[in-house]
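Commentary on secondary and tertiary structure
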Amino acid sequence: MSQQPSSLKIENLHVGVDGVDILKGVNLEIRQGEVHALMGPNGSGKSTLAYTLVGHPKYEITEGQISLDGTPLNELDPNERARLGLFLAFQYPVTIPGVRVADFLRTAVTNIRRPERRDGEELMSLREFRKELLGTMQQLNIDQEFARRYLNDGFSGGEKKRMEILQLAMLKPRFALLDETDSGLDSDAVRVVSEGLSKLSGPHMGVLIITHHERLLEFNRPQYTHVMLAGRIVETGDASLAHELHAHGYAGVRERHPDAAAEEQAAKIQETAAN
Ligand SMILES: Nc1ncnc2c1ncn2[C@@H]1O[C@H](COP(=O)(O)OP(=O)(O)OP(=O)(O)O)[C@@H](O)[C@H]1O
Ligand SMILES: [Mg+2]
C-alpha cells in the first residue's frame, strides 16, 4: 500500500504586521520529499512567511489559508503545528541561559512524540533519549560535549547552526523551514547547515530553504525556486533560477514584474517616512 505524501498548502495568504500588509496573496504547495528554495530581495516578506507558517502571534492572517493534508492551521498555536510536523529554524535563534542543549531537546522531543503530555508530566526516559541523542550526534559529527552546553549561550555562528541541524535530526519534522540570514554566517556555518541538511533530507521531509547562500543549495538542490517580491511569489523555476539570481541579482525580476517592483518602491518610501 503506498501512502500519499503529506502536503503543506498555502493559498492566497495575506498577512499583516502591526496593521501593515506584508504578504499579499501567497500561493505555494510543498510536498514531503521536495526541496523548495525561496529567494527575494531584503524586505520582500520571506521571513514573514516562515513566521506565519509556524504561528508566530505577531503575524496576523487577514485572508487565505494554510493547511496540512487538508487540516487548516490558521488557528493552531505553534506547539500544535510542531506536533503536526512543522519545524522552523530561526533566522535569529534565541538564547536560553541555564538550559542545557540535551535537556531542551529531551523536552522538545517528548512534546512532539507524546502530544497528550501535560506540562510537568514525565519526559521520555533519559536512557532511551541519551542513546538516541548520542547516536544522532555521531551521525552528524557533532562533539558529545556539545550536549552539555547551555542553549545558544555564547554559541558561535557555526555552533548555532549545529544546534539547528541537531534539532531537525531529533524532531524529524515532516516539513522543515530554514530561514538563513546572510550576515554573520561564515563559511564553516554554511557548511554545517549544508552538509547536515543534505544528510537529513529525503522522501520523508519537505524542505523550504530561505537563503542567499548559493553553497547551501549546491548540496541541497531545489526542485523548485520561488522568487518573492513585495509580498507575492512572482516567479517559480527550478535550480537554474536560483543560480541565475545568485549570479545576476534581482534587477531582471523587477523588470519582468514592474507592478510588484513599483509596490516594493512605494513600501520603502512609506517605511522611510514612518521612521
Ligand atoms: N515585526 C515587524 N514589525 C514591523 N514590520 C515588520 C515586522 N516584520 C517584518 N516587517 C516588515 O515586513 C517586510 C518584510 O520583512 P521580512 O523580514 O519578511 O523580509 P525578508 O524577505 O525576510 O528580508 P531579508 O532578506 O532581509 O531577511 C519589511 O518591510 C519589514 O520591515
Ligand atoms: Mg528574512
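The structure we're discussing is the one just above.
Residues numbered from 1 in each chain as written. Chains lettered and ligands numbered in written order. Predicted model: local features only at pLDDT ≥ 70, side-chain atom pairs only at ≥ 80, totals over all residues. Heavy atoms only, no water.

**Observations concerning the overall build of the chain**
Assigned secondary structure in the chain consists of ten helices and twelve strands. Its C-alpha radius of gyration of 19 Å places the chain within 12% of the 19 Å reference for a compact globule of 275 residues. Seen through its C-alpha atoms, the chain measures out along the principal axes to roughly 60 × 50 × 40 Å. A buried classification covers 46% of the 275 residues belonging to the chain. Pairs at least 24 apart in sequence give 68% of the contacts found in the chain among residues at least 6 apart. Surface summary for the chain: the accessible area is close to 14,100 Å², and the carbon and sulfur share equals 48%. (Helix = DSSP H or I, 4+ residues; strand = E, 2+ residues; numbered from the N terminus. Rg over C-alpha atoms; globule rule 2.2 N^0.38 Å. Buried < 20%, exposed > 50% of the residue type's maximum accessible area, 1.4 Å probe, protein only. Contact = heavy atoms within 4.5 Å. Areas by Shrake-Rupley, 256 points an atom, 1.4 Å probe, with all protein chains shown as cover.)

**Notes on the side chain of Glu264**
Tracing the backbone shows Glu264 in helix H10 (residues 258-274). By relative accessible area, Glu264 is classed as buried at 9%. Setting aside residues no more than four positions away along its own chain, Glu264 makes contact with Pro41, Leu229, Ala230 and Arg254.

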